[in-house]
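Chains, contacts and geometry: an overview
Residues per chain, in single letters:
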Amino acid sequence: MSFKSGFVGLLGQANAGKSSFINALLGQKFLIVSEKRQSTRYRIRCVLTLPGAQIVFVDTPGLHKPVDKLSRYLIKQAYAALSGLDVLVYMTEPWGKLHEEDQKAFEHLKNFSKPILLLINKIDLADAATLEETTRAYRQTGLFREIIPISCKQEANLGLAANKIAELLPEGPKFFPDEIRTDRSQEFIIAEFIREKIFQLTHKEIPYSTVVEVTHMAEREDGELLEIFANIYVARESQKAILIGSGGKMIKQIGTLARQEIERFLGRKVYLDLQVKVHRDWNESEAEIVRMLDRVR
Ligand SMILES: Nc1nc2c(ncn2[C@@H]2O[C@H](COP(=O)(O)OP(=O)(O)O)[C@@H](O)[C@H]2O)c(=O)[nH]1
Ligand SMILES: [Mg+2]
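Please read these numbers as outputs of a predicted model, since none were measured by experiment. (Residues numbered from 1 in each chain as written. Chains lettered and ligands numbered in written order. Predicted model: local features only at pLDDT ≥ 70, side-chain atom pairs only at ≥ 80, totals over all residues. Heavy atoms only, no water.)

**Points about the nonpolar core**
One finds Phe21, Phe57, Leu119, Ile150, Ile194 and Leu293 to be the most contacted residues of the largest nonpolar core, which totals 70 residues. Considering every element that reaches this core, the biggest residue donor is helix H6 (residues 186–201), with eight residues. A domain split of this core shows at least three residues from each of domain 1 (4–168) and domain 2 (186–293). In this structure, phenylalanine 21 is in contact with Leu10, Phe57, Met91, Leu119, Ile150, Cys152, Leu158, Ala161 and Ile165, ignoring residues within four places of it in sequence. Within the second largest apolar cluster, 22 residues are counted, among which are Ile75, Leu88, Leu118 and Phe144. (Core = buried A, V, L, I, M, F, W, Y, C linked by side-chain atoms within 4.5 Å. Buried < 20%, exposed > 50% of the residue type's maximum accessible area, 1.4 Å probe, protein only. Helix = DSSP H or I, 4+ residues; strand = E, 2+ residues; numbered from the N terminus. Domains from an automatic or database assignment. Contact = heavy atoms within 4.5 Å.)

Shown next as structure tokens:
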């Protein structure tokens, strides 16, 4: 049998579980996951190499109603990622009906010429009847080559989903060596873990106003610790005060959780130094948004 390979985009509303799905398939956490909407900001490629196929997943910012300049920019990026894909995976949840926001997204997909596969995630939260209704409602759109119910949480049907995706890929070469699982640097993933903890611990506009940049990573002289220095940029002085917290309590908590996550990822002890800086109104203009998001590579 010939080898198959290609680029597979994940699209769906914010919070459907797109990043969780890729992490679960790769068996290691590369992408941040959050209960809050719109945590994914970057187009990140993750590579799953199977015996007969290589799937290059492209995680995109989720779709949702744009509320400000940053979210408008992110939604534009999600649709821009569609060109150049071989297969599209649309992810939704068992709502029991066709969700209005999905319906709107499907308008954009009508002319998409490549196969689209629907994953109904979080089936651990739905009863059989609701799942059946959901499946029926989405099948009626006529958009999908396959509809697969999955649960990232319970790791249900994940292998099945991966195999179905692989089947839909064109014949092609191995783009990445077997051991490569993401196209992003360690610094990038570490910055993302810090951002994940900010999403977990802060509220309202704070998580959406931060950009994290790892500025320095070096072995400490005694060889025991890896020292990591990072800047957290916010858009206003008031946000800086909240992020630091009274007596530095908040930033300490973010640092502790981030350090643990980074240590799990690298499999070694690290020292993490976080500095909060103000880059005034960075999220107010598209030019500045692009510049700030580009700091992290
Ligand atoms: N109950 C349940 N929760 C899930 C499942 N998959 C993801 N989640 C949760 O849904 C939230 C959003 O997940 P995330 O992967 O960040 O979604 P994304 O915005 O589509 O990338 C997180 O709180 C996840 O833990 C699942 O199969 N079952
Ligand atoms: Mg995500």
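**Points about the site of ligand 1**
Neighbouring ligand 1 are 17 residues; Asn15, Lys18, Ser20, Asp124 and Cys152 lie closest to it. Between ligand 1 and aspartate 124 there is a distance of 2.8 Å, counted from a nitrogen atom to a side-chain nitrogen or oxygen. The separation between an oxygen atom of ligand 1 and a polar main-chain atom of cysteine 152 is 2.8 Å. When the free accessible area of ligand 1 is taken as 580 Å², the share hidden by the protein chains comes to 87%. Taken together, the residues of the shell around ligand 1 break down into five nonpolar, seven polar and five charged. (Near = heavy atom within 4 Å. Polar contact = N/O pair within 3.5 Å; in protein donor to acceptor, adjacent residues only side chain to side chain. Areas by Shrake-Rupley, 256 points an atom, 1.4 Å probe, with all protein chains shown as cover. Nonpolar A, V, L, I, M, F, W, Y, C, P; charged D, E, K, R; others polar.)

**Remarks on the sheet that holds strand E8 (residues 226–234)**
Reading across the sheet, the three strands line up as E7-E8-E9 and stay open at both edges, with mixed pairing between neighbours. Strand pairing shows two members of the sheet lacking a second neighbour, strand E7 (211–219) and strand E9 (270–278), which therefore form its edges. Pairwise comparison of adjacent strand axes, ignoring direction, gives a mean angle of 20 degrees for this sheet. With eight bridges joining them, E7 and E8 adopt antiparallel strand pairing. Looking across to E8, one finds that glutamate 219 is bridged to leucine 226. Helix H8 (residues 249–266) rests against E8 and E9 of the sheet, and its axis sits at about 135 degrees to E9. (Pairing = 2+ DSSP bridges. Axes fitted to C-alpha atoms, helices over the stretch in contact; angles between N-to-C directions.)

**Some points on the packing of helix H2 (residues 69–80) against helix H9 (residues 286–293)**
For the pair H2 and H9, interaxial distance at closest approach is 10 Å and the crossing angle is 70 degrees. On the basis of their axis angle, the class for H2 and H9 is roughly perpendicular. Pair H2 / H9 crosses with right-handed handedness. Every residue of H9 that contacts H2 at Lys69, Leu70, Tyr73, Leu74 and Lys76 is listed here: Glu286, Ile289, Val290 and Leu293. (Parallel < 35°, antiparallel > 145°, perpendicular 65-115°, else oblique. Left-handed = near helix turned anticlockwise from the far one by under 90°.)

**Comments concerning the sheet that holds strand E6 (residues 146–149)**
With mixed pairing, six strands are arranged side by side in an open sheet as E2-E3-E1-E4-E5-E6. On the outer flanks of this sheet lie strand E2 (44–49) and E6, each paired with one strand and no other. For this sheet, the mean inter-axis angle between neighbouring strands, taken without regard to orientation, is 25 degrees. Lying over the sheet, helix H5 (residues 158–168) contacts strand E1 (4–12), E2, strand E3 (53–59), strand E4 (87–92), strand E5 (116–120) and E6, oriented at roughly 105 degrees with respect to E3.

**Considering the state of the cysteines**
All chains considered together, the criterion is met by zero disulfides. The thiol of cysteine 46 is not disulfide-bonded; the next cysteine sulfur, from cysteine 152, is found 13 Å away. (Disulfide = S-S within 2.5 Å.)

**Structural notes on H5**
Count 3.6 residues to each turn of an α-helix, and residues three or four apart come out pointing the same way. For H5, the set of buried residues is Leu158, Ala161, Ala162, Ile165, Ala166 and Leu168. When H5 is viewed along its axis, its buried side chains cluster within an angular range of 160 degrees and face the same direction. (Arc of directions from axis to C-beta.)

**Here we look at the pattern of salt bridges**
Oppositely charged side chains can pair when the atoms bearing their charge come close. Under the counting rule described, the total for this entry stands at 19 salt bridges. A salt bridge links glutamate 146 to lysine 164, with the shortest nitrogen-to-oxygen separation between them at 3.6 Å. Residue glutamate 146 is found in strand E6, and its partner lysine 164 is found in helix H5; the two are separated by 18 residues along the sequence. Where glutamate 192 meets arginine 195, a salt bridge forms, and the shortest distance between an N and an O atom there is 2.9 Å. Note that glutamate 192 and arginine 195 are positioned in helix H6 at a spacing of three residues, about one turn of the helix. Pair check on accessibility: glutamate 192 and arginine 195 agree, each one buried. One connected set of salt bridges, linked through shared partners, spans Lys29, Glu196, Lys197, Glu261 and Arg264. (Salt bridge = Lys/Arg side-chain N within 4 Å of Asp/Glu carboxyl O.)

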